[in-house]
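Residues per chain, in single letters:
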Amino acid sequence: MLFRSIRGEFYALTGRAALRHLFAVAASLDSMIVGEPQVLGQVKASHQIAGNAGTMGPELATALHAAYGAAKRIRTNTAIARGPVSLATCAVQVAKDIQGDLSRRAGLLIGGGDMGALMLEYLSHAGLRHLVVGAATAKRAQAIARPYGCPAVAYDDLESALDGADIVVAAAGTGQTLITAKMVDAALHRRRRPIFFIDAAVPGDVERAVHDLAGAYRYDLDDLEAVAQEGRLAREAAAGEAWRILDEEVVAFLRAQGARRAAPGMVRLRQHFEAARADILARGTGLSAQEA
């Protein structure tokens, strides 16, 4: 009964179509987000699991390694993986463009919303090491900060916290403006370094006028989505060239496999001709085939 209910979600491919599909998955051409690098990692992880379980045959292993080579060629020779396509990856890219090496920068997380935590996770993977957490009360801030093992401040202390924050992720969503242009202007004069604001709250936590200040950059979710859309369009434009390369790699693999399968037969055929040649020579000289 269960199988019947989900039968429409399955499909089967064989031969060249199956091989092309395998190459396309490894190259992230068959993904919801074209060029998503995590897909290749997932394929390799599945390869290792199957190998450890003893369910990976030599033919499939050979095809997978060829798919990895095709994926590498596509990523090297096209723009399929260039340009961020998700909100979080866009936030990281903009942060790097503004602040450079994130390992030398400090972050301020305001609130404990899921989107803010996601942004912070990506920023941390990109190198951000120093963090302060802000919340409505010191107790609440400490609770949010505990998993991060970092200092905590209440909203009353946000203005002074801006002095040390290079990247501010605002995700409180209280419906009130927590960071005003006046606060940011004063902080910029004290610190004399730019501040990048990711306003991940709806409605926003950071006053829109902040973006008009020299040295302040405010991006909300709509701004990040616009950057992401540019990245998606660039990847889609590169997809045609990527598919052309993929088809070349599939043809090359099939030819190599055909030559490999034909090799034993060619050896036997060569041996047959050599035996026939020796026999003919032996007849002409009166020697046996072995003597010839």
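Let us look at the structure shown here. (Residues numbered from 1 in each chain as written. Predicted model: local features only at pLDDT ≥ 70, side-chain atom pairs only at ≥ 80, totals over all residues. Heavy atoms only, no water.)

1. Notes on unusual backbone geometry
Here is step 1 of the chain: Cis geometry marks the peptide bond from Val 202 to Pro 203, where omega comes out at -5°.
Here is step 2 of the chain: Position of Pro 203 relative to the elements: it lies in the loop between strand S5 (195-199) and strand S6 (216-220).
Here is step 3 of the chain: Although it is not a glycine, Ser 28 sits at a positive phi angle of roughly 60°.
Here is step 4 of the chain: Note that Ser 28 resides in the loop between helix H2 (15-26) and helix H3 (38-52). (Helix = DSSP H or I, 4+ residues; strand = E, 2+ residues; numbered from the N terminus.)

2. Considering the pattern of salt bridges
Where charged atoms from two side chains of opposite charge come close, those side chains can pair.
Here is step 1 of the chain: By the definition in use, this model includes twelve salt bridges.
Here is step 2 of the chain: Between Glu 248 and Arg 73 there is a salt bridge; the shortest N-O distance is 2.8 Å. With Glu 248 in helix H10 (residues 221-285) and Arg 73 in helix H4 (residues 58-77), this pair connects stretches of sequence that are 175 residues apart.
Here is step 3 of the chain: Accessibility expressed as a relative area gives 27% for Arg 73, which makes it partly exposed.
Here is step 4 of the chain: Here Asp 166 makes a salt bridge to Arg 191, at a shortest N to O gap of 2.7 Å. (Salt bridge = Lys/Arg side-chain N within 4 Å of Asp/Glu carboxyl O. Buried < 20%, exposed > 50% of the residue type's maximum accessible area, 1.4 Å probe, protein only.)

3. Describing helix H5 (residues 87-99)
Here is step 1 of the chain: Its 13 residues place the ends of H5 18 Å apart at the C-alpha level, agreeing with the 18 Å of an ideal helix rising 1.5 Å per residue.
Here is step 2 of the chain: Where H5 is concerned, the buried positions are Leu 87, Ala 88, Cys 90, Ala 91, Val 92, Val 94, Ala 95 and Gln 99. (Expected span 1.5 Å × (residues − 1).)

4. Regarding the packing of H3 against H4
The axes of two packed helices give the description: the angle between them and the distance between them.
Here is step 1 of the chain: For the pair H3 and H4, interaxial distance at closest approach is 12 Å and the crossing angle is 160°. Taken together, the axis directions place H3 and H4 in an arrangement best described as roughly antiparallel. Along this stretch, H3 crosses H4, giving a crossing that reads as left-handed. On H4, the residues that touch Leu 40, Val 43, Lys 44 and His 47 of H3 are Ala 61, Leu 64, His 65, Tyr 68 and Ala 71.
Here is step 2 of the chain: Of the residues assigned to the contact of H3 with H4, the class counts are six nonpolar, two polar and one charged. (Axes fitted to C-alpha atoms, helices over the stretch in contact; angles between N-to-C directions. Parallel < 35°, antiparallel > 145°, perpendicular 65-115°, else oblique. Left-handed = near helix turned anticlockwise from the far one by under 90°. Contact = heavy atoms within 4.5 Å. Nonpolar A, V, L, I, M, F, W, Y, C, P; charged D, E, K, R; others polar.)

Bear in mind that shape data such as this cannot, by itself, settle questions of function.
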